[in-house]
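An overview of the molecular structure
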Amino acid sequence: MNTLLTFSLPLLFSSLVWSGYLEYDQDVLIPDDWNHGGRVDPTDQLELTFALKQQNSNLLESILGLVSDPDSGLYGKYLTLDEVSSLVRPSKLTQKVVHHWLQSHGITNCLTVHTQDFLQCSMTAAVAEKLLPGSNFHRYTRDGHSVVRSSAPYSVHDDVHEHLDFVGGLHRLPPKGQDLSQTSSHREMKQSEAEVHLGVTPAILRARYNLTAADVGTAQNNSQAVAQFLEQYYSPADLAEFMGMYGRSFQHLSQVDRVVGTQGEGKAGIEASLDVEYIMSTGANISTWVFTNPGRHESQEPFLQWMILLSNMSDLPWVHTISYGDDEDSLSTAYMMRINIEFMKAGVRGVSLLFASGDSGAGCRHVGKENSFRPSFPASSPYVTTVGGTSFKNPFKVTYEVTDYISGGGFSNVFKIPDYQASAVDGYLKTTAATLPPQAYFNTSGRAYPDLAALSDNYWVVINKVPVPWVSGTSASTPVVGGMLSLINDQRLLQGLPVLGFLNPRLYKLKGKAMFDVTEGCHLSCLDEQVQGQGFCAAPSWDPVTGWGTPNYPELLAALLAE
C-alpha cells in the first residue's frame, strides 16, 4: 500500500513539474504504523527548512574527485568550511528572491547556516499552507512519538521555483528502528570445540581483523562520530560497563567526548548503544562525538537536521558512521540530488561518511504484478562509503566470513555508476552473468553498493547495564569499519599526512588488496517464482553484497599509509 502514490504522483503532476512542484515524485503516503492525530491547529508553530539552490555544484564534484584520488596532485588538499562556503553559497539573486518571498508572507523568524544554502524558518501552520499551496498539515504518532507532516504534495510560487531545491519538514518521516536482536533458531550452540566463542565482542573483532593491543589511537587531533536519528539515546553508564567487560585487553576511552544535540529520556536504545560501543572499541582511545536528534521540533526531519549541522560546524570529526536509510523510491529526486551535494561538501573537507547498506538484502518492490529489487538511499549515493555485512562460516568460531543474508546491496535506480567503480562492477556483471537475477529486477548502469563490509551478525551489546547477545545488522558492521578507518587516520596524522577523506576512489584503486574477499553466500530479495527470495551472490573480487570484502587491518593500514 505504501508505494502506490510514488508511481501515480509523477503521472498526476508531470504537467505541473514546472508549475512549482519541487518534489513531484516524493511519496506522500503516510505508512500504516503512524496513527493520524488530526489536522494541526492553524496557529500551531512549524519549523520548515528551505534548501536554496547552490552555485558551482559541478566544480564541487570535480574538486572532490581531485582531493580523493591518490594519483592527483591535489590529493588530501582539503578545503575549509569558509572555502566551501565561498564555492557553493547561493547567488545574491537567489537569496534576495527567497527572502523577499518569505517576508511577503510575514515570515521573518529565520536562521541561516555558514554556507547560506539553508534557511530554517518558524511560522504558523496557516501561513505555511498559504506559502506552499497544496500542503495540508496533520499530526501523526507512533510509539509515543509525534510528528507534523503534510498529507499532500506542496508547490511553491513560480518566481521562487528555480531558486529552491526542496522544502524540508513536509514529508519524509523518521525511520523506524530495526529489530536488531535476532535470535536465530537455526544456529545451535556448540560449546565443546576449541576456540569457541558465543558471539562477536571487541576481542573477536580484533582477532578476525588482525588488530593488536597496540592498535589504538594516540594522535591529539583525531576524532570520530556516530549520528543517530531515532528517538533513542546511548547510556554513558552502559558504555562504561561495556568497556569494563570487553575492553580490558587494549587502551580505550570509556566516555563520549561530545554530544551534539539533546539526549532523549527513558531507556537507552539498542542501536544507539551498538553504534557507540563498537566505534569506541574498534577505534579505541580516539575522541568520539555523538550527534543525536531528540528534542527537535515535530516538523523537522532528523537526517536533514544533521546534514545542516555539518554545514554549520568548522570543527568536525574526521569519520562519521550512520545507520540510516530510506527506500530510494520513497524520496524525491530533488531531495536526493541535494543531499548528494551535502555529502560532497563534507568530502572536500576531508570528512569520511560511512553508511550502513541496510538489512533487507536486495530489497523488494511490488508494482502491480511485477517485482523489482529496491535500492536504499543514502547507501546508493556515489559520494559516501557504504558498508555491508558478513557472518562467520561457523557462527561460534573465528573462521572465514560468508555473506550475511540481510546485507543490503544492489544498484541505484537514480544515480549512474561513478567512474571509480565502473571496471569493478563491469567485472562482476561479466563473470557472474550466467547466475545473475533477471535484468528486469535491477539497473545494471546504476551506482552499485556496498563498497566493503564487516561482521554484522551476533554481537554482544550492553544495554541498561545488561549484556545482550544476538544483536545483528549492518548498523553493527558500519561503526566497526569506521573505527578502523579512524585508526588509519590516526597513523596518517602522526606521520603528517592528510586524513583519508572520501575513501572510495582510493579503495577501488586497491582492487581488493588488503581485504578478506568474501565469495560465499547470497542475500535475500523478492519471494516470487522468478528469484525465489534470492538477490545477488558474493563472488571473487567486488560484489554487490559485501563489496571488496572485509578489512585485513594491518595490510589495509600499510596500503593506506603508502603515499
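Whatever comes next refers back to the structure up there.
Keep in mind that this is a model prediction, so the values were computed, not measured.

Calculation notes
- Residues numbered from 1 in each chain as written.
- Predicted model: local features only at pLDDT ≥ 70, side-chain atom pairs only at ≥ 80, totals over all residues.
- Heavy atoms only, no water.
- Helix = DSSP H or I, 4+ residues; strand = E, 2+ residues; numbered from the N terminus.
- Rg over C-alpha atoms; globule rule 2.2 N^0.38 Å.
- Buried < 20%, exposed > 50% of the residue type's maximum accessible area, 1.4 Å probe, protein only.
- Contact = heavy atoms within 4.5 Å.
- Areas by Shrake-Rupley, 256 points an atom, 1.4 Å probe, with all protein chains shown as cover.
- Salt bridge = Lys/Arg side-chain N within 4 Å of Asp/Glu carboxyl O.
- Arc of directions from axis to C-beta.
- Axes fitted to C-alpha atoms, helices over the stretch in contact; angles between N-to-C directions.
- Parallel < 35°, antiparallel > 145°, perpendicular 65-115°, else oblique.
- Left-handed = near helix turned anticlockwise from the far one by under 90°.
- Nonpolar A, V, L, I, M, F, W, Y, C, P; charged D, E, K, R; others polar.
- Phe/Tyr/Trp six-rings, centres within 6.5 Å; stacked < 30°, edge-to-face > 60°.
- Pairing = 2+ DSSP bridges.

Turning our attention to the overall build of the chain. Scanning the chain for helices and strands turns up 15 helices and 27 strands. Here the chain has a C-alpha radius of gyration of 23 Å; the compact-globule value for 563 residues is 24 Å, and the two agree. Taken over 563 residues, the chain has a buried fraction of 61%. Taking the intrachain contacts of the chain between residues at least 6 apart in sequence as the baseline, contacts between residues at least 24 apart amount to 81%. In the form shown here, the chain has an accessible surface area of approximately 21,700 Å², with 52% of it arising from carbon and sulfur atoms.

Along the chain, M336 falls in helix α11 (residues 333–347). According to the relative accessible area criterion, M336 is buried, its value standing at 1%. Considered as a pair, M336 and P378 are 42 residues apart in the sequence and their alpha carbons are 8.1 Å apart. When neighbours within four sequence positions are excluded, M336 is seen to be in contact with E328, L331, F377, V414 and F415.

Time to look at the pattern of salt bridges. Within the structure shown, the criterion is met by 20 salt bridges. Ionic pairing is found between K509 and D69, a salt bridge with its closest N-O pair at 2.6 Å. Taken together, the positions of K509 in helix α14 (residues 504–509) and D69 in the loop between α2 (57–68) and α3 (81–88) put the pair 440 residues apart, joining distant regions of the chain. Residues K345 and D117 are paired through a salt bridge, measuring 2.6 Å at the closest nitrogen-oxygen approach. Note that K345 is positioned in helix α11 and D117 in the loop between β3 (110–112) and β4 (118–124), a separation of 228 residues in sequence. Considered together, K345 and D117 belong to a single accessibility category, that of buried residues. In this structure, a network of salt bridges that share partners links the residues K53, D117, D165, R338, E342 and K345.

All buried positions along helix α12 (residues 422–431) are accounted for by A424, V425, Y428 and L429. Angularly, the buried residues of α12 cover 130° about the axis, an arc narrow enough to put them on a single face. Set apart from the buried face of α12 by more than 90 degrees, the exposed residues are S423, K430 and T431. Buried residues along α12 sit in contact with β19 (410–416), β20 (446–449), α14 and β26 (534–537).

Let's shift gears to the packing of helix α9 (residues 270–282) against helix α13 (residues 474–494). As a packed pair, α9 and α13 sit with axes 8 Å apart at the nearest point and diverge in direction by 30°. It follows that α9 is roughly parallel to α13 by the angle criterion. The crossing of α9 and α13 is right-handed. Contact residues: E271, L274, D275, Y278, I279 and T282 in α9; S475, A476, P479, V480, G482, G483, M484 and L487 in α13. In the contact of α9 with α13, the residues fall into 8 nonpolar, 4 polar and 2 charged.

What follows concerns the packing of aromatic side chains. Tallying each qualifying case throughout the model produces 24 aromatic pairs. Each ring, one from F242 and one from Y246, has its centre 5.0 Å from the other, and the planes form 55°; the classification is tilted. Note that F242 and Y246 are positioned in helix α8 (residues 236–246) at a spacing of 4 residues, about one turn of the helix. No difference in accessibility class separates F242 from Y246, as the two residues are buried.

Okay, the pairing of strand β10 (residues 287–291) next. When you tally the buried positions in β10, you get 5 out of 5 residues, the bulk of the element. Of the two faces of β10, the one lined by S287, W289 and F291 and the one lined by T288 and V290 are each fully buried. Here strand β8 (residues 223–227) pairs with β10 via 5 bridges, running parallel. Across the sheet, A227 pairs through a bridge with F291, a residue of β10. Two elements, strand β9 (residues 258–260) and β10, share 3 bridges in a ladder whose sense is parallel. Directly across from V259, in β10, lies its bridge partner V290.

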